[in-house]
Amino acid sequence: QVQLVESGGGLVQAGGSLRLSCAASRRTFSNYLMGWFRQAPGKEREFVAAIDWNGGSTYYGNSVKGRFTISRDNAKNTVVLQMNSLKPEDTAVYYCAAENGPFFHSNSYSPSSYDYWGQGTQVTVSS
């Protein structure tokens, strides 16, 4: 069992930045692919970013490429999503997720591939 706790959400103006953090409970954190998803009201949960077990490879959704950066620190059991140049359409609840397995694969774009989820943190970008 892995418990995930997100922090760092809030209200920011368009063009601003936010840094989301996710703390994991499990010592074998490095065994997991870590991802971030988001869900806006009335919309499906959307893939944002993912990072493989050692941070060697990262993956991004098309809508955030070049603006968001995912990173992880296995010594601290944390994964971070740095969000820059935020837009109103980035407004959503952001979720941290863990997939049991070290590497990204084609199904890792789907929420159904992930085994553990955090409670979510609200990000609101005003225009």
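Our structure is the block above this text.
Residues numbered from 1 in each chain as written. Predicted model: local features only at pLDDT ≥ 70, side-chain atom pairs only at ≥ 80, totals over all residues. Heavy atoms only, no water.

Draft legend 1. Up close: the environment of Ser127. Mapping Ser127 onto the fold places it in the segment after strand 11 (121-126). For Ser127 and Gln13, which are 114 residues apart along the polypeptide, the C-alpha to C-alpha distance reads 6.2 Å. The residues touching Ser127, leaving out its near neighbours within four places in the chain, are Ala14 and Pro88. (Helix = DSSP H or I, 4+ residues; strand = E, 2+ residues; numbered from the N terminus. Contact = heavy atoms within 4.5 Å.)

Draft legend 2. Up close: the nonpolar core. By size, the foremost hydrophobic cluster in this structure holds 30 residues, and its most contacted members are Leu4, Met34, Trp36, Val79, Leu81, Met83 and Tyr94. Contact partners of Met83, with chain neighbours within four places excluded, come to Gly16, Ser17, Leu18, Leu20, Arg67, Phe68, Tyr94 and Val123. In terms of nonpolar packing, the next biggest core, distinct from the first, is built from seven residues, Leu33, Ala50, Ala97 and Tyr114 among them. (Core = buried A, V, L, I, M, F, W, Y, C linked by side-chain atoms within 4.5 Å. Buried < 20%, exposed > 50% of the residue type's maximum accessible area, 1.4 Å probe, protein only.)

Draft legend 3. The arrangement of the side chain of Arg67 in detail. Relative to the assigned elements, Arg67 resides in the loop between strand 6 (58-60) and strand 7 (68-73). Taking the relative accessible area as the measure of exposure, Arg67 reaches 10% and is therefore buried.

Interpretation in functional terms is not warranted from these geometric data alone.
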